[in-house]
Amino acid sequence: MGLVVYGQSQSRAVRALWMAEELGVPYEHNALKFKDAHQATDLRAINPYARVPAIDDDGVGVFESMAINLYLAKRYGGELAPATLEEEASALQWSFFVMTEIEKTLLNAMCYQLGLFDLPVDPEKAQRLGASLDPAFDALARALGEEDYLVGGRFTVADLNVASVLLWVRMAKLDISHHPRLDSWLTRCLAREALHRAQKLA
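Every value quoted in this text rests on a predicted model; they were computed, and no experiment measured them.

1. Here's the deal with the overall build of the protein
Then, in step 1: Scanning the protein from terminus to terminus reveals nine helices and four strands.
Then, in step 2: N-terminal to C-terminal, the α/β element order of the protein is β-α-β-α-β-β-α-α-α-α-α-α-α.
Then, in step 3: A compact globule built from 202 residues would reach a C-alpha radius of gyration of about 17 Å, and the protein, at 17 Å, matches this within 12%.
Then, in step 4: Viewed in the frame of its principal axes, the protein has a C-alpha envelope of about 45 × 45 × 25 Å.
Then, in step 5: Within the span of the protein, comprising 202 residues, buried residues form 48% of the whole.
Then, in step 6: Sequence separation of at least 24 residues holds for 62% of the intrachain contacts in the protein that already meet a minimum separation of 6.
Then, in step 7: As displayed, the protein has an accessible area near 9900 Å², and 54% of this comes from carbon and sulfur atoms.
Then, in step 8: Across the protein, the mean location of the 20 positive side-chain charges is 5 Å away from that of the 27 negative side-chain charges.

Dropping the structure here:
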């Protein structure tokens, strides 16, 4: 059966699709819409909460975008996978960090900027929410230091997971130029062809 990725590319599923494209793993894309997920019995067999993204990898079901990508990196290896226990710890650390410290606030900022999910268009509120993330952005910038990437001096699952959340910085039209190292890192990550291929999917 191979690898199946559930969820539209305009959702958090783009994170798993990006990973699959980076790895060069053949996969089937089930572009299941968020609103239809609760009716999909094959999805519910993977995720009892019936949410996307999720994957079925030859009978191994995984949900939650960060867990999916960490699993895929370990399963298929290559340059994106942590090479040592220390690199794995760093990849886990930054994947948890971006979800607990950044994702929810950044999502709200994007929604107020674009008027999504029944929220009014309110660019000023979007900017205030973005400003509240400065300490987290500063932590990432300091972690990068003079390096191009977060772990091991190369693009890994740690960068992909964090950048897949921070791409909302661009959609929310937040200015992070006062974190130049982070800004250039994000531009570098979002320029990757594998992401562009994933974003073109349904």
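Read on for the rest.
2. Section: the packing of helix α1 (residues 13-23) against helix α7 (residues 157-171)
Then, in step 1: Packing of α1 against α7 leaves a shortest axis separation of 10 Å and a crossing angle of 140 degrees. In terms of orientation, α1 and α7 fall into the oblique class. Both α1 and α7 take part in a crossing whose hand is right-handed. Taking contact as the criterion, the partners of Arg15, Trp18, Met19 and Glu22 in α1 are, on α7, Val157, Leu160, Ala163, Ser164, Val165 and Trp168.
Then, in step 2: Looking at the contact of α1 with α7, its residues break down into seven nonpolar, one polar and two charged.

3. Topic: the nonpolar core
Then, in step 1: Core analysis: the biggest nonpolar cluster contains 60 residues, and Ile102, Leu140, Leu166, Leu182 and Trp185 have the highest contact counts within it.
Then, in step 2: Put simply, the parts of the chain that give this core at least two residues each are β1 (3-6), α1, α3 (65-76), α4 (85-114), α6 (134-144), α7, α8 (180-190) and α9 (193-199).
Then, in step 3: Not counting the four nearest positions on each side in its chain, isoleucine 102 is found in contact with Phe97, Leu133, Ala136, Phe137, Leu140, Val165 and Leu166.
Then, in step 4: Judged by nonpolar contacts, the second largest core, of nine residues, contains Val4, Ala37, Ile46 and Val52.

4. Some remarks on the environment of aspartate 57
Then, in step 1: As for its position among the elements, aspartate 57 is in strand β3 (residues 54-57).
Then, in step 2: A C-alpha to C-alpha distance of 4.3 Å links aspartate 57 and leucine 3, two positions 54 residues apart in sequence.
Then, in step 3: In contact with aspartate 57, other than residues within four places in its own chain, are Gly2, Leu3, Tyr71, Arg75 and Tyr76.
Then, in step 4: Separated by 3.2 Å, the side chains of aspartate 57 and arginine 75 make a polar contact.
Then, in step 5: In this structure the side chain of aspartate 57 is engaged in a polar contact, spanning 2.7 Å, whose partner is the side chain of tyrosine 76.

5. Here we look at the side chain of glutamine 113
Then, in step 1: Inspection of the secondary structure puts glutamine 113 in helix α4.
Then, in step 2: The class for glutamine 113 is buried, based on a relative accessible area of 13%.
Then, in step 3: With near-sequence residues (within four places) excluded, glutamine 113 lies in contact with Val121, Pro123, Ala126, Gln127, Met171, Ala172 and Lys173.

6. With respect to the pairing of β1
Then, in step 1: Burial along β1 is two-sided: Leu3 and Val5 facing one way and Val4 and Tyr6 facing the other are all buried.
Then, in step 2: When β1 meets strand β2 (residues 27-30), the two strands line up parallel, connected through four bridges. Paired with leucine 3 across the strands is tyrosine 27, a residue of β2.
Then, in step 3: Following the backbone out of β1, through α1 and into the adjacent parallel β2, one traces a crossover that is right-handed.
Then, in step 4: Where β1 lies against β3, four bridges are found, and the strand directions are antiparallel. The residue of β3 that forms the bridge with tyrosine 6 is alanine 54.

What counts, and where the lines are drawn
- Residues numbered from 1 in each chain as written.
- Predicted model: local features only at pLDDT ≥ 70, side-chain atom pairs only at ≥ 80, totals over all residues.
- Heavy atoms only, no water.
- Helix = DSSP H or I, 4+ residues; strand = E, 2+ residues; numbered from the N terminus.
- Rg over C-alpha atoms; globule rule 2.2 N^0.38 Å.
- Buried < 20%, exposed > 50% of the residue type's maximum accessible area, 1.4 Å probe, protein only.
- Contact = heavy atoms within 4.5 Å.
- Areas by Shrake-Rupley, 256 points an atom, 1.4 Å probe, with all protein chains shown as cover.
- Lys, Arg positive; Asp, Glu negative; His and termini not counted.
- Charge placed at Lys NZ, Arg CZ, Asp CG, Glu CD.
- Axes fitted to C-alpha atoms, helices over the stretch in contact; angles between N-to-C directions.
- Parallel < 35°, antiparallel > 145°, perpendicular 65-115°, else oblique.
- Left-handed = near helix turned anticlockwise from the far one by under 90°.
- Nonpolar A, V, L, I, M, F, W, Y, C, P; charged D, E, K, R; others polar.
- Core = buried A, V, L, I, M, F, W, Y, C linked by side-chain atoms within 4.5 Å.
- Polar contact = N/O pair within 3.5 Å; in protein donor to acceptor, adjacent residues only side chain to side chain.
- Pairing = 2+ DSSP bridges.
- Right-handed = clockwise from strand over helix to strand, strands pointing away.

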